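Observations on the three-dimensional arrangement
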Number of protein chains: 2
Amino acid sequence: MNDLTDKIIAGDIRAIARGISLAESGQPEAVELLKDLYPHTGRAYLIGITGPPGGGKSTLVDKLIKIYREQKKKVGVLAVDPTSPFSGGAILGDRVRMQKHATDEGVYIRSMGSRGHLGGLALATSDAAKILDAAGYDIVIFETVGIGQSEVEVAGRVDTTVLVTVPGLGDDVQVLKAGTMEIADIFAINKADREGTERCVIELEQLLSVKEMDENTFLPPIIQTIAKDNQGTAELTGAIEKHRDYLNSGGRLAEKRKKRIQDEVHTIITNQLDKWAALRLTHDMETRENLDDIYSKKTDPYTVAGDIIKELQI
Amino acid sequence: MNDLTDKIIAGDIRAIARGISLAESGQPEAVELLKDLYPHTGRAYLIGITGPPGGGKSTLVDKLIKIYREQKKKVGVLAVDPTSPFSGGAILGDRVRMQKHATDEGVYIRSMGSRGHLGGLALATSDAAKILDAAGYDIVIFETVGIGQSEVEVAGRVDTTVLVTVPGLGDDVQVLKAGTMEIADIFAINKADREGTERCVIELEQLLSVKEMDENTFLPPIIQTIAKDNQGTAELTGAIEKHRDYLNSGGRLAEKRKKRIQDEVHTIITNQLDKWAALRLTHDMETRENLDDIYSKKTDPYTVAGDIIKELQI
């Protein structure tokens, strides 16, 4: 394992891939690897690119990679697909992108799917980011197709969150935007040559106008992009840089990362306890009988769950 | 509390509302209420209406309510909004609908928002369904705006899952559809007067053609609807009825509901343990110091989390 640690720190692509696979599998040896790598983390800047499907996030991320590569920065992309416990594979677009950058050692793209466990995907993604961080990647992008919970989860695990939307997605999305006001550091309206862009800008401005502000608040900029034509993408990386400067002043980045550490420890704990509960409910004979008794209404879910929790003496 | 139990069983609307509010708040008295009500549950049929935003789910549900009311069935609707920890209110459309049915005692519509805790929304929604079930509602509809994880969660908590999609939502959605094949009992293509409907049908058929089938498999029908014009909605309730008949034969419904009981007990346990972990991480002095030590790289998240789990002796 020490060999793998050293190779990852040296930036060896195959070692990185193996390390992330270990982290995804949730094996005990992954924990040892991550403990060893931990002192080498903290230098990468983490960016979340999130938003509803159909927003052109993959194309946008592709252009960001290009800009960061021109700045000689190494870029890691973790494409998070919360549906893949079922699809069992990479998002189609990723394979195309991976091939495109296959000859560039400064770009690492990886699809991450849910492991089916509670918090499992969040954990694996954070672990993967740490591996890339330790391997010397300057920028790690979390790209997530998400509505609601997924967006919030990603926002907790990155330094800057870019919420990507497109004009004319309908009323549901307008409502969802309200729910993402608290997590978006930057808004990108992609496909901004589409009808409804102006309305989309006005609506976002209206939402922002009710945000509670003081002189310390970062007002999320609204950037219009047409990713496929590479329009507005330099403005977007500029806005990310501005937000980074904002975080770097007044100890805000340290504060944000300390909060993240707390979230990570929390997720590791609940993930473990979730696995324990799953095992107990499927393999313990007495518990299985209790479940049958719930079905026949001899007892109820709250009583059975309460008895199991009592055993933990917390 | 016994008074509240009796009133809910008698179908008193205000008592139902109070019961659901209690369940949402996660108070210990809610647990007592739900224990009391549990023997009176099991008669309601639970339907999930889920899918990406912009699919016209609210309008579709509205038409389903109308059909079920004509059949003299009492209908409860739980509109699940996973983003509302931030928006803090009901989905706009719900208020309009609630007013529309305000004079009909046979319809109960309620918006449910996340409580911020792990599994909190799933738990509160299931509890609310039990309250409606005990109160004599024949049909309980879970309406969820969701991508990926939310859809899967809803599917685990209902008898029949209808996945609503619309033509031309873009490639991301096409991919997501693949991820939902396992959970959809019925596909509804809403806004089926739009361009791309034919392609959408063909794509779904292609996805279904690779599904592993034997004589016991229920092949999910693809229903085209134009909810706003009330087209295809009778076919949709017909398809739901067919799936219900399928579940009722060969003990499939019992099997599905037993699995659900297991999931519910699991969620109650993990929800409790999550609350415990949150408290520990925010209020225990020594743990707080450990978190600071992680930030300064004196230790790491895995070591700190591991030490806390060890205390539980599981």
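Residues numbered from 1 in each chain as written. Chains lettered and ligands numbered in written order. Predicted model: local features only at pLDDT ≥ 70, side-chain atom pairs only at ≥ 80, totals over all residues.

Along chain A, the regular secondary structure elements total 14 helices and seven strands. In chain A, buried positions account for 51% of the 314 residues. (Helix = DSSP H or I, 4+ residues; strand = E, 2+ residues; numbered from the N terminus. Buried ≥ 20, exposed ≤ 12 C-beta atoms within 10 Å, placed from the backbone.)

Turning our attention to the environment of Leu132 of chain A. Looking at where Leu132 of chain A falls in the secondary structure, it is placed in helix α7 (residues 120–134). In sequence terms Leu132 of chain A and Asp104 of chain A are 28 residues apart; their C-alpha atoms lie 15 Å from each other.

On to the packing of helix α4 (residues 57–70) of chain B against helix α11 (residues 233–248) of chain B. How two helices sit against one another is set out by the angle between their axes and by the gap between those axes. All names here are of chain B. The interhelical angle for the contact between α4 and α11, taken along N-to-C directions, is 70°, at an axis separation of 10 Å. By the criterion of interaxial angle, the relationship of α4 to α11 is roughly perpendicular. Here Lys63, Leu64 and Ile67 of α4 come into contact with α11, specifically with Thr233, Ala234 and Thr237. Residue classes in the contact of α4 with α11 are distributed as three nonpolar, two polar and one charged. (Axes fitted to C-alpha atoms, helices over the stretch in contact; angles between N-to-C directions. Parallel < 35°, antiparallel > 145°, perpendicular 65-115°, else oblique. Contact = placed C-beta atoms within 7 Å. Nonpolar A, V, L, I, M, F, W, Y, C, P; charged D, E, K, R; others polar.)

All names here are of chain A. Residues at a pLDDT of 70 or more form 85% of chain A, whose mean pLDDT is 86. Per-residue pLDDT, averaged within each element of chain A, yields its smallest value for helix α5 (residues 84–87) (40) and its largest for helix α11 (residues 233–248) (98). Under a pLDDT of 50 for its full length, residues 84–92 has, in the predicted model, 20 contacts with residues more than four places off or in other chains. For this predicted complex, the interface score ipTM comes out at 0.88, while the overall pTM is 0.80. (pLDDT = per-residue confidence, 0-100.)

If you look at the biggest cluster of nonpolar residues, it comprises 159 residues, and the most contacted ones within it are Ile131, Leu132 and Ile141 of chain A together with Ile131, Leu132 and Ile141 of chain B. Not counting residues within four places of it along the chain, the set of residues in contact with Ile131 of chain A comprises Ile8, Ile16, Gly19, Ile20, Ala23 and Leu37 of chain A. (Core = buried A, V, L, I, M, F, W, Y, C linked by C-beta atoms within 7 Å.)

Looking now at the packing of helix α1 (residues 2–9) of chain A against helix α2 (residues 13–25) of chain A. Residues and elements named next belong to chain A. In contact at an axis separation of 8 Å, α1 and α2 are set at 120° when each is read in the N-to-C sense. Considering the angle they form, α1 stands oblique to α2. For the pair α1 and α2, the crossing hand works out as left-handed. Within the contact between the two elements, α1 uses Leu4, Lys7 and Ile8 and α2 uses Ala15, Ile16, Arg18 and Gly19. Its residues assigned to classes, the contact of α1 with α2 comprises four nonpolar, one polar and two charged. (Left-handed = near helix turned anticlockwise from the far one by under 90°.)

All right, on to the environment of Thr299 of chain A then. Mapped onto the elements of the fold, Thr299 of chain A is located in the loop between α13 (285–295) and α14 (301–311). Excluding residues within four positions of it along the chain, Thr299 of chain A makes contact with Asn290, Asp293, Ile294 and Val304 of chain A.

All names here are of chain A. For Asn230, which is not glycine, the phi dihedral falls at a positive 60°. In this structure, Asn230 sits in the loop between β7 (222–224) and α11. Of the residues examined, Asn230 has 15 C-beta atoms within 10 Å and is grouped as partly exposed.

Sheet faces and side chains relate simply in a regular strand, where the side chains alternate between the two faces. All names here are of chain A. Buried residues dominate strand β1 (residues 45–51), accounting for seven of its seven residues. Of the two faces of β1, both are covered, the one formed by Tyr45, Ile47, Ile49 and Gly51 as well as the one formed by Leu46, Gly48 and Thr50. As defined by bridge partners, β1 adjoins strand β4 (residues 139–145) across seven bridges and the pair is classed as parallel. Residue Gly48 lies in a different strand from β4, and its bridge partner there is Phe142. Pairing of β1 with strand β5 (residues 160–165) involves four bridges; the strand directions are parallel. Across the sheet, the residue bridging to Thr50 is Leu163, located in β5. (Pairing = 2+ DSSP bridges.)

What follows deals with the environment of Tyr45 of chain A. Position of Tyr45 of chain A relative to the elements: it lies in strand β1. The residues contacting Tyr45 of chain A, other than those within four sequence positions of it, are Asp138, Ile139, Asp159 and Arg244 of chain A.

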